[in-house]
Structure formats: C-alpha cells, structure tokens
2 protein chains.
Amino acid sequence: MSRTYTIEALVRGLRVLSLFGTSESEMTLQQIVTASGLSKSTAFRILSTLEHEGYLVRDEDTLRYRPGLAVLRLGFTALSGLGIRETAHPHLRRLSRETGETASLSTLDGTEVIYLDRVRNRAIVGVVLGLGSRIPAHCASMGKAMLAFLTDEELEQVLGDLAPRTPHSITDRTRLAEELARVRQRGFAINDQELEVGLRAVAAPIWNHQRRVIAAINITGSVSTISRQRLVEDLAPTVMRSAHEISEELGFRPGLGDAAS
Amino acid sequence: MSRTYTIEALVRGLRVLSLFGTSESEMTLQQIVTASGLSKSTAFRILSTLEHEGYLVRDEDTLRYRPGLAVLRLGFTALSGLGIRETAHPHLRRLSRETGETASLSTLDGTEVIYLDRVRNRAIVGVVLGLGSRIPAHCASMGKAMLAFLTDEELEQVLGDLAPRTPHSITDRTRLAEELARVRQRGFAINDQELEVGLRAVAAPIWNHQRRVIAAINITGSVSTISRQRLVEDLAPTVMRSAHEISEELGFRPGLGDAAS
DNA sequence: ACGGATGTTTCACACAGTGAAACAGAGAAC
DNA sequence: GTTCTCTGTTTCACTGTGTGAAACATCCGT
C-alpha cells in the first residue's frame, strides 16, 4: 500500500481522535496511552494539540478529555454535504407517511451500516437519536441490500466474522451468500428480527450515475404492525419504488447488464 | 502561549480538515493550497493521509475531496456525549408542545452560537437541519443570553466586529453592552428580527453546578404568531422556568452573589 | 500541436517529533 | 502523619520524518 504519502504524526493524531468515536466519549491520558499504544509523552502532546485546536476539550476537574465543538462542525457539514441525504429526505417522509412506519437512509462503511437520516412515524422527536450510529451490515436489511451488490472481492474484504445479534441473525457465510443472491434477484432485502427481536424491516439499494450502489433505504417497524406478508407484498414494492426514484434523481439510468464507462 | 506541546504536522492536518467545516464542503487540491497557505507537496500528503484514515473521501472523477464517514462518527458521538443535550431534550419537547413554536438548545463557541438540539412545532421532520450550524452570537437570542454572563475580559476577547444580519441587528458596542445589562437584569434575552427579518425569539441561559453559563435555550417563531407582547409576557417566563429546571438538573443551586469554590 | 492549468513524484536537508527517564502532585493505604 | 503508587507534566538528546523546491506527468481547451 502507498505508505509513502502518509504522514505518521498526523495519522497518530487522527487515531487518537477516533478513539473518542467509539465506546467511551470521555477518556483520561492513561486510558488513551493503553488504547493507542503510544508513549505517554507522545500521547500527551497529541492530546494537547487536539485540545489546542478545539477538537478535544479537557475537563479541568477530572482531567478527562472529550470531543470538542470543532468536531461537531465537521460532522454536520459532512452530513449536509452528502447529496444523497437531501435527495432522499422527501422520499423518506413520504414513505413514513404512507406506511405509518419509520423510514431510514444509510450507507455502507466497511462492515458497518451507518445511519444518515431517519423519519419516524410518531413524528414528535428523537429523530436525531441513532443518526450516525453503526450496526453490523449482515444483521441489517439495508446492509444486506448493499452487500448484495458488491463484487466477490469487495465482499471478501469487508466481511469479518458474522457475530449474531439475535437467534435469527445470519452467522454462516454460505447462508449469507444465498441470502445475498436472493436479494439481487428480488431487488430488495428483508430483515426478520435478525438485528433485534420484534423488529422487521425491508430495504432497497440506491444506485448513482456510475451504476454503483452507494446507499440504501428501508422501512422498519414492530412485528405487531408488520407481518411477513405485509413486509414482502406491500412494503417491499413501496420501498423499491422510492429507491428507484431516488436513484434516478441521482442520475442513475436503468439499463441492461454492465455499463461501459 | 504553550507552543511547546503542540505538534506542527498534526495542527496542519487538522487545519486542513477544518477547511471542510466552513464554506465549501468539496475542495480541490489547489483550493486547499491557497486556502491553507501550505506548499503543494505538504497539502497533498496531508490530504492523502486524511483520506487514508477515512476523514476525507476523494471523488475519483472530479478529484475533489469531501468529508468522509469517519468525521460523522465523531460528530455524533460528540453530540450524544454532551450531557446537557440529554438533560435538556425533554424540556425542549415540552416547550415546543406548550407554546406551539420551535425550541432550541445551543452553546457558545467563541463568537458563535452553535446549535445542539432543536424541537420543531410542526413535528414531522427536518429536525436535524441546522444542528451543529453556527450563527454570530450578537444576532441571536441565545447568544445574547450567554454573552451577558461572561466577564468583561472574556467578552472583549470574544467579540470581533459586529456585522449586521438585518437592519435590526446590533452593530454598536455600547448598545450591545446596554442590551447585555438588560439581559442580566431580566434574566432573559429577546431577539426581534436581528438575525432574520420576520423572526422573533426569546432565550434564557443555563447554568451548571459551577455556576457557569454553559448553554442557552430559546423559543423561536414567526412575527405572525409571536407579538412582542407575547414574547415578553408569555414566552419569556416559560423559557426561564425551563432553563432553571435544566440548570437545577445539572446541579446548579441558586444562591446569592458569587460563590466561593 | 501547443500552452497553461492541475495533480504526482523525487530528493536532500534540517529540525520537528520521538521515547526514556526524571519530576511533581494527589490520593489511598496503613 | 508518612509512605507508596498512580497519574499527569517536563526535560533532553537523537534520529527519522516531515518539509519545500523543483522536476515530471496529465488533462483540457483552443
């Protein structure tokens, strides 16, 4: 790999910053030293620098570092900079209104699905919650919708061990491959309590103008309001229609076979 | 200043990253060179590193860089890590429901107010929009509510030139000082079309256990539904009550004069 | 085919970033 | 009250890393 154009000091800093993106959002110097494997002095100087630049804030009492406001600015302009999100949002609204369920938009980042937008049925609020959060792709309807259209090599790179989230989760490679084949054939992916017991979802992929799958949308709801029949016969076509519309707005033109670029 | 514990290569990288937080969310190498003042080679290596770490993504067609998904993760854990937000959210909901207007939470970052949460009247969606965005403090009700409780030195450091946003904006230092005195006296700040014509708001500050103002909440609405009378006589007390409740939940105990620590 | 953009690569040098180890302080243990 | 231990801060000398200049490669418009 091209390690030629990579600047080590910056990488280290970014890695430290990333530590705050995972489990703990508040960390002490010592924790960072052990988590990063850096020497104490280096870690200290990195932290000082990150603090100086506003990416971290230090609580003077507890001496713990936590993400600063600079990080917020970045995160949200990143979100609003994502064209898909603006394009998809009205469709999510309509989906949610028409079905009475929750509609979401996500994209694939490595082995994880990351939520970009969500419109709930109970309109009130809480909308932000879960935005930007990540779940393993093989347990998610949107995840499977996107995995299905990767090349074999990409898929191989992306998949680690398939840890189950519920008894319904797919943990076997072969079964996953079968499932993904079915997704390709039908054009949508379902999730029947594989992520959370009591939760069903149906998703469809979104293509861009390069005929690449870049995102997915889905409809989620409780098993009490979404039967398997309704999922496949009613919701699946609805989600697929919206996904196609979004894809076309992004410049995707349906055609036969692979496209020459 | 302690430039001893600051690592230059990291600072440069973060500065480059920050460029994407402001105006443009997509930039070309050349743009970054001129915007940052770095040499072409350095800028190039920084960009490569940021890309390698997932903080930037490069569009292979246009050769433009834009924020990557790593940045998203950070932003959202930062948000959810903010204790105030969780504490304040139910209050925002209640405020919005009771008044039928939009309620927001923000904090002060330098001369700018940064939105942390918002609950709209029209419940549906769009909630996320504007979250993390920044506006000049002197044109904002929440900004004035927070500025009013800074020390004179802090205020001096924070205020640059008071650029107007509408004809109603405060642009004069003396007038701002008078306004802030009034805010301190009354305990709330109003905004009568100073940020946007047709928009009124009333805000109150939130204190933490150290008796420091760390945030503010407000209620915003159109001049058509919010008269000046309603703003002051009806909404102001409501907002103040909520602000006090939030403050107390954060450990603030009202008392006389300055507290000994 | 030419000129002027922009992006990529090379190279030699200086100094910026590094780890080890010494220092300081705050609690906890006794 | 004294000692021990754990964490954060500072110093220092070395070397390896990040640096800018300048050469090279590509693309695009005319």
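Look up: the structure comes first, before these words.
Residues numbered from 1 in each chain as written. Chains lettered and ligands numbered in written order. Predicted model: local features only at pLDDT ≥ 70, side-chain atom pairs only at ≥ 80, totals over all residues. Heavy atoms only, no water.

Enquirer: Which residues make up the sheet that holds strand S4 (residues 112-119) of chain B, and what values do they have?
Expert: All names here are of chain B. Spatially, S5-S4-S3-S8-S7-S6 is the arrangement adopted by the six strands of the open sheet, whose pairing is antiparallel. One side of each edge strand has no neighbouring strand; the edge strands of this open sheet are strand S5 (134-136) and strand S6 (189-192). Adjacent strand axes in the sheet meet at a mean angle of 30°, parallel and antiparallel pairs treated alike. As judged from the four bridges shared by S6 and strand S7 (residues 199-207), these two strands associate in the antiparallel manner. Bridge assignment links Asn-191 to a residue of S7, and that residue is Ala-201. Against the sheet, helix H5 (residues 83-99) contacts strand S3 (102-109), S4 and strand S8 (213-222), and its axis sits at roughly 65° relative to S4. Here helix H9 (residues 228-249) sits on the sheet and contacts S6, S7 and S8; the angle it forms with S7, its principal contact strand, is near 25°. (Pairing = 2+ DSSP bridges. Helix = DSSP H or I, 4+ residues; strand = E, 2+ residues; numbered from the N terminus. Axes fitted to C-alpha atoms, helices over the stretch in contact; angles between N-to-C directions. Contact = heavy atoms within 4.5 Å.)

Enquirer: Describe in detail the nonpolar core, supporting the description with residues and values.
Expert: One finds Leu-50 and Tyr-55 of chain A together with Leu-50, Tyr-55, Leu-105, Val-202 and Ile-217 of chain B to be the most contacted residues of the largest nonpolar core, which totals 71 residues. It is H9 of chain B that provides the largest number of residues to this core, a total of seven residues. If we ignore the near neighbours within four places in the chain, the residues touching Leu-50 of chain B are Leu-10 and Leu-14 of chain A together with Gly-13, Val-16, Leu-17, Tyr-55 and Leu-56 of chain B. Of all hydrophobic cores here, the second largest spans 29 residues; its members include Leu-105, Ile-190 and Ile-226 of chain A together with Phe-76 of chain B. (Core = buried A, V, L, I, M, F, W, Y, C linked by side-chain atoms within 4.5 Å. Buried < 20%, exposed > 50% of the residue type's maximum accessible area, 1.4 Å probe, protein only.)

Enquirer: Tell me about the relation of the copies chain B and chain A, residues and numbers included.
Expert: Expressed as a screw operation, the relation of chain B to chain A combines 0.0 Å of axial shift with a rotation of 179°, fitting to an RMSD of 0.2 Å. When the rotation and shift are considered jointly, the pair of chain copies conforms to a two-fold rotation axis. In this assembly, 98% of the residues forming the interface of chain B have copies in chain A that are likewise at the interface, indicating an isologous arrangement. (Least-squares fit on C-alpha atoms with pLDDT ≥ 70 in both.)

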